[in-house]
Amino acid sequence: MKHIVKNVLTNKERKKLIADCKPHLIDGKELGKKYGRTFPAKQTLETIYHIPCFREPINKILVTIANTLRQGIVLQRVWINCTTGKDEDSEWHNHIPMKWSCVYYMKTIPFVDSGTLFKDGFMRAPQNSLIIFPANLDHRPPTSPLRFKRYSMALDLTSGL
């Protein structure tokens with residue numbers, strides 16, 4: 001089951017998150033050297049939780065997720081993506097063996113890229129919202145002929161006690 005939660009952070013928190021992530025974004029090819037495979041677009045390392053400026057917004061998002069799922073969760077990894085709508089910035093993937101995956105939409109362009117494409121269709125999600133879904137679902141960011149920067153945070157979770 002997929003869940004959507006709107007108005008996750010305050011506008012001030014959301015804008016700060018975007019500003020804070022920019023110096024940590026790494027080109028996908030460079031990131032691939034660290035992990036042994038290529039990555040589309042730009043993204044941070046999956047350990048950004050350990051950087052102090054990210055802890056508070058991530059914790060707030062985690063509380064929202066736990067309250068929505070009504071179960072304990074354990075964060076396994078979290079990273080931020082910056083895509084441009086190019087087809088090469090988007091590939092089908094899933095997050096097996098995790099239990100849950102989430103996408104928090106930090107900055108989007110309404111009606112162009114606001115959401116995630118799943119094999120069973122596009123799920124709209126406005127800026128400052130969160131989609132929570134089973135990690136085994138294949139998905140990808142949408143593509144667009146318009147070139148824009150779309151910022152999103154991805155979180156992978158397992159069930160907690």
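To be clear, the structure that these remarks concern was listed above.
Residues numbered from 1 in each chain as written. Predicted model: local features only at pLDDT ≥ 70, side-chain atom pairs only at ≥ 80, totals over all residues. Heavy atoms only, no water.

Q: Can you break down the overall build of the chain residue by residue, with the values?
A: Across its full length, the chain carries 3 helices and 10 strands. Sequence-ordered secondary structure for the chain, helices as α and strands as β, is β-α-β-α-β-α-β-β-β-β-β-β-β. Taking 2.2 N^0.38 as the reference for a compact globule, 161 residues should give roughly 15 Å; the C-alpha atoms of the chain span a radius of gyration of 15 Å, in line with that estimate. Along the first, second and third principal axes, the C-alpha atoms of the chain reach 40 × 35 × 35 Å. Taken across its 161 residues, the chain has 47% of its residues classed as buried. Contacts spanning at least 24 positions in sequence make up 76% of the contacts within the chain whose residues lie at least 6 apart. Surface accessibility of the chain: about 8500 Å² in total, with carbon and sulfur atoms responsible for 54%. Mean positive and mean negative side-chain charge positions of the chain (25 and 14 charges, respectively) differ by 5 Å. (Helix = DSSP H or I, 4+ residues; strand = E, 2+ residues; numbered from the N terminus. Rg over C-alpha atoms; globule rule 2.2 N^0.38 Å. Buried < 20%, exposed > 50% of the residue type's maximum accessible area, 1.4 Å probe, protein only. Contact = heavy atoms within 4.5 Å. Areas by Shrake-Rupley, 256 points an atom, 1.4 Å probe, with all protein chains shown as cover. Lys, Arg positive; Asp, Glu negative; His and termini not counted. Charge placed at Lys NZ, Arg CZ, Asp CG, Glu CD.)

Q: Kindly report on helix 2 (residues 28–35), identifying the contributing residues and their values.
A: Considered for burial, the residues of helix 2 that qualify are Gly28, Leu31 and Gly32. One face of helix 2 carries all of its buried residues, which in axial projection span an arc of 110°. Away from its buried face by more than 90 degrees, helix 2 exposes Lys29, Lys33 and Lys34. Of the surrounding elements, those touching the buried residues of helix 2 are strand 2 (26–27) and strand 3 (42–43). A positive backbone phi angle near 80° is found at Gly36, which sits one or two residues after helix 2. (Arc of directions from axis to C-beta.)

Q: Explain the packing of helix 1 (residues 11–21) against helix 3 (residues 52–69) residue by residue, including any values.
A: Across the interface, helix 1 lies against helix 3 with an axial gap of 10 Å and an inter-helix angle of 135°. The angle between helix 1 and helix 3 falls in the class oblique. With respect to the hand of their crossing, helix 1 and helix 3 are arranged in left-handed fashion. Of the residues in helix 3, those in contact with Glu13, Lys16, Leu17, Asp20 and Cys21 of helix 1 are Cys53, Phe54, Glu56, Pro57 and Lys60. When grouped by side-chain class, the residues that make up the contact of helix 1 with helix 3 number 5 nonpolar, no polar and 5 charged. (Axes fitted to C-alpha atoms, helices over the stretch in contact; angles between N-to-C directions. Parallel < 35°, antiparallel > 145°, perpendicular 65-115°, else oblique. Left-handed = near helix turned anticlockwise from the far one by under 90°. Nonpolar A, V, L, I, M, F, W, Y, C, P; charged D, E, K, R; others polar.)

Q: With reference to specific residues and values, describe the sheet that holds strand 2.
A: Spatially, the 7 strands line up as an open sheet ordered 1-8-5-10-4-3-2, and their pairing is antiparallel. This sheet does not close on itself; its edge strands, each paired only once, are strand 1 (3–5) and strand 2. Relative to strand 10 (residues 150–159), strand 4 (residues 73–83) is paired through 10 bridges, and the arrangement is antiparallel. Directly across from Asn81, in strand 10, lies its bridge partner Ser152. Its contacts with the sheet place helix 1 against strand 4, strand 5 (100–107) and strand 10, and it is angled at close to 95° to strand 5. (Pairing = 2+ DSSP bridges.)

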